[in-house]
Amino acid sequence: MRCSAASRLRSRNAHKSGLRPLSHAFRLKSALGLEGSHLWAFYMHSVQEWKRFFLSRGISNELIESYLAQISLLANTRSPVVFELEHLSLLVGVKYEVLLSMIRGSASYYRTFSIKKRAGGERIIEAPYPSLLQCQNWIYHQILLKNPVHDCAHGYVPGRSIFTNATVHLGCNTLLKMDFKNFFPSVGIGWVVNFFSTLGYTKDVAGSLAALCCNKGRLVQGASTSPYLTNILLYGLDDRLFKLSARSGLRYTRYADDLTFSGRYISTNFVSLVSSVVSEFGLVVNEEKTRLLIEKNKKLVTGLSVAGSSLKITREMRRSITKDVFYIGRYGLFSHISQMKIKDPFYLESIAGKVAFWLQAEPLNASAHKCKEILSESFN
């Protein structure tokens, strides 16, 4: 009987991984009687559970030992077991042939477009199509979130936010703001492959996981895995900058590609030291955006004022919100929209969102609460 093309691909991929293909020992789906299902894979968390499972399926002791060795490595890093690409396709819920297509030609699974930056210019977004996004979300939830990030990293970390990032710098005399140039694309696929390999995955599986997270050999703005992956990969950089800051009596945080340092005094030499450390990790500081703010300069961190002892929204944002809400309260929503020729169908929701943001930053602000009361009447 001739093997199918898909079977030959599975055999070749498993051979590259250094492990005998699990599907040669027993068919994953048929052995379990769960054709089309992959939920079983989440029920086995320990090495002993896997051993009992293999024995119940009549697998040879030699083959069992080879797989248990890999399972032990993955268990040590709390990573889900993935033996080969067919196994991965079951776990993520994507057909094997589709998974191979995404791994080998990821560019065709992205939609590229641009959005305007607030400071001018355009930001290129590469958004994955649903099938690839499904794979990336599985990797994010089942693998990435189980890995630690530095305490100084606040962007896209559960339980942290722009508010926790800004709070660290409250009441500072001096503020240094820096960011990376071309952040996500600066992280190559080799770095990502190495990360998955250190978790215990075989070379073939690690390369496939990395390919699902990258496009054209690098991370991209738009992939759901990119933000948290960079947090993991930059743990060493965050630790270096944290210790460098501590020696200078400074505080340090990073929100995605935005670096913030604060304290009583920051020398210009410190900026050079930071740039030097960053370059050791293959990244480049965007010197055009480096800002050293002293004394009475307006000090904003991730859009929030840190000049005082508590967080505040900007004066411009406060004035804009109160003005719009005042007119809505005095003349009514529809009259205000007509007078101002507002065409945004979600204008009221937008204003309400800004008020909610204001209250999150300043929960005791009476003006913010008053704005909320006025808007609530418009929703009724």
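Residues numbered from 1 in each chain as written. Predicted model: local features only at pLDDT ≥ 70, side-chain atom pairs only at ≥ 80, totals over all residues. Heavy atoms only, no water.

### A word on helix H8 (residues 130–142)
Given 3.6 residues per helical turn, the α-helix brings residues three or four places apart onto the same face.
1) Next: In this model, H8 (13 residues) spans 18 Å end to end at C-alpha, consistent with the 18 Å of a helix rising 1.5 Å per residue.
2) Next: Listing the buried residues of H8 in full gives Leu 132, Cys 135, Gln 136, Trp 138, Ile 139 and Tyr 140. (Helix = DSSP H or I, 4+ residues; strand = E, 2+ residues; numbered from the N terminus. Expected span 1.5 Å × (residues − 1). Buried < 20%, exposed > 50% of the residue type's maximum accessible area, 1.4 Å probe, protein only.)

### With respect to helix H18 (residues 366–379)
1) Next: Between its terminal C-alpha atoms H18 stretches 20 Å, which fits the 20 Å expected from 14 residues at 1.5 Å a residue.
2) Next: What H18 keeps buried is the set Ala 368, Cys 371 and Leu 375. Viewed end-on, H18 has its buried residues packed into an arc of 60°, placing them on one side of the element. Exposed residues lying more than 90 degrees from the buried face of H18 are Ala 366 and Glu 377.
3) Next: Summarising the contacts, the buried residues of H18 are in contact with helix H15 (315–331) and helix H17 (347–361).
4) Next: One side-chain oxygen of the residue at the start of H18 lies 2.9 Å from the amide nitrogen of Ser 367, identifying that residue as Asn 365. (Arc of directions from axis to C-beta. Contact = heavy atoms within 4.5 Å. Polar contact = N/O pair within 3.5 Å; in protein donor to acceptor, adjacent residues only side chain to side chain.)

### Quick notes on a nonpolar patch on the surface
1) Next: Residues Phe 326, Tyr 327 and Tyr 331 make up a contiguous nonpolar surface patch of about 310 Å² in total accessible area.
2) Next: In this fold, Phe 326 is placed in helix H15.
3) Next: The exposure class assigned to Phe 326 is partly exposed, which follows from its relative accessible area of 42%. (Patch = residues over 30% accessible without salt bridge, like charges linked within 9 Å, V, L, I, M, F, W, Y side chains within 5 Å. Areas by Shrake-Rupley, 256 points an atom, 1.4 Å probe, with all protein chains shown as cover. Salt bridge = Lys/Arg side-chain N within 4 Å of Asp/Glu carboxyl O.)

### Remarks on unusual backbone geometry
1) Next: Even without being a glycine, Arg 78 presents a positive backbone phi close to 60°.
2) Next: As for its position among the elements, Arg 78 is in the loop between helix H5 (61–76) and helix H6 (85–92).
3) Next: Positive phi outside glycine occurs at Thr 302, with the angle close to 45°.
4) Next: Relative to the helices and strands, Thr 302 resides in the loop between strand E7 (300–301) and strand E8 (304–305).

### Section: the sheet that holds strand E4 (residues 251–255)
1) Next: Read across the sheet, 4 strands follow the order E4-E5-E3-E6 without closing on themselves; strand pairing throughout is antiparallel. Two strands bound the open sheet, and with one partner strand each, they are E4 and strand E6 (291–294). Each strand axis lies, on average, 15° off the axis of its neighbour in the sheet, ignoring direction.
2) Next: In terms of strand pairing, E4 meets strand E5 (residues 258–263) through 5 bridges, oriented antiparallel. For Thr 253, the partnering residue across the bridge sits in E5 and is Thr 260.
3) Next: Most of the contacts of helix H13 (residues 235–247) go to E4, to which it runs at about 155°, and overall it touches E4 and E5. (Pairing = 2+ DSSP bridges. Axes fitted to C-alpha atoms, helices over the stretch in contact; angles between N-to-C directions.)

### Brief notes about the packing of H8 against helix H11 (residues 203–213)
1) Next: In the contact formed by H8 and H11, the axes pass within 9 Å of each other and the chain directions differ by 120°. As summarised for this structure, H8 and H11 are arranged oblique, according to the angle between their axes. Both H8 and H11 take part in a crossing whose hand is left-handed. Contacts between H8 and H11 involve Leu 132, Cys 135, Gln 136 and Ile 139 from the first element and Leu 209, Leu 212 and Cys 213 from the second.
2) Next: Looking at the contact of H8 with H11 residue by residue, the class counts come to 6 nonpolar, 1 polar and no charged. (Parallel < 35°, antiparallel > 145°, perpendicular 65-115°, else oblique. Left-handed = near helix turned anticlockwise from the far one by under 90°. Nonpolar A, V, L, I, M, F, W, Y, C, P; charged D, E, K, R; others polar.)

### Concerning the environment of Asn 286
1) Next: With respect to the helices and strands, the residue Asn 286 is situated in the loop between helix H14 (268–280) and E6.
2) Next: You can call Asn 286 buried: its relative accessible area is 12%.
3) Next: Along the sequence, Asn 286 and Asn 182 sit 104 residues apart, while their C-alpha atoms lie 8.5 Å from each other.
4) Next: Not counting chain neighbours up to four residues away, the residues in contact with Asn 286 comprise Asp 179, Phe 180 and Lys 181.

### Digging into the nonpolar core
1) Next: Ranked by internal contacts, the top residues of the largest apolar core, which has 77 residues, are Phe 54, Leu 144, Phe 196, Tyr 201 and Phe 261.
2) Next: A per-element tally of this core places H11 first, with 7 residues.
3) Next: Excluding its chain neighbours within four sequence positions, the residues that come into contact with Phe 261 are His 169, Thr 174, Leu 175, Leu 176, Met 178, Leu 241, Ser 245, Arg 251, Tyr 252, Ile 266, Phe 270 and Val 274.
4) Next: Grouped together as the second largest cluster of nonpolar side chains are 25 residues, Leu 170, Cys 172, Leu 359 and Leu 375 included. (Core = buried A, V, L, I, M, F, W, Y, C linked by side-chain atoms within 4.5 Å.)

### Points about the packing of aromatic side chains
1) Next: Throughout the structure, instances matching the rule amount to 17 aromatic pairs.
2) Next: On the basis of an interplanar angle of 35° and a centroid distance of 5.0 Å, the ring pair of Phe 183 and Phe 184 is categorised as tilted.
3) Next: Accessibility expressed as a relative area gives 6% for Phe 183, which makes it buried.
4) Next: Among the aromatic residues, those joined into a ring-pair cluster are Trp 50, Phe 53, Phe 54, Tyr 67 and Phe 83. (Phe/Tyr/Trp six-rings, centres within 6.5 Å; stacked < 30°, edge-to-face > 60°.)

### Description of the packing of H15 against H17
1) Next: Look at H15 against H17: their axes get within 11 Å of each other, and the N-to-C directions meet at 130°. Compared by their axis directions, H15 and H17 come out oblique. Here H15 and H17 pass one another in a crossing that is left-handed. Judged by residue contacts, Met 317, Arg 318, Ile 321, Thr 322, Asp 324, Val 325 and Ile 328 of H15 engage Tyr 347, Ile 351, Lys 354, Val 355, Phe 357 and Trp 358 from H17.

### Observations regarding the confidence of the model for the protein chain
1) Next: Looking at the protein chain, pLDDT values average 88 and 88% of them are 70 or higher.
2) Next: Low pLDDT, under 50, characterises residues 1–43; the predicted model gives this stretch 72 contacts beyond four residues in sequence or across chains. (pLDDT = per-residue confidence, 0-100.)

### Quick word on the state of the cysteines
1) Next: Considering all chains together, one arrives at 0 disulfides under this definition.
2) Next: We note that Cys 135 lacks a disulfide partner, and the nearest cysteine sulfur, in Cys 213, lies 9.6 Å from it. (Disulfide = S-S within 2.5 Å.)

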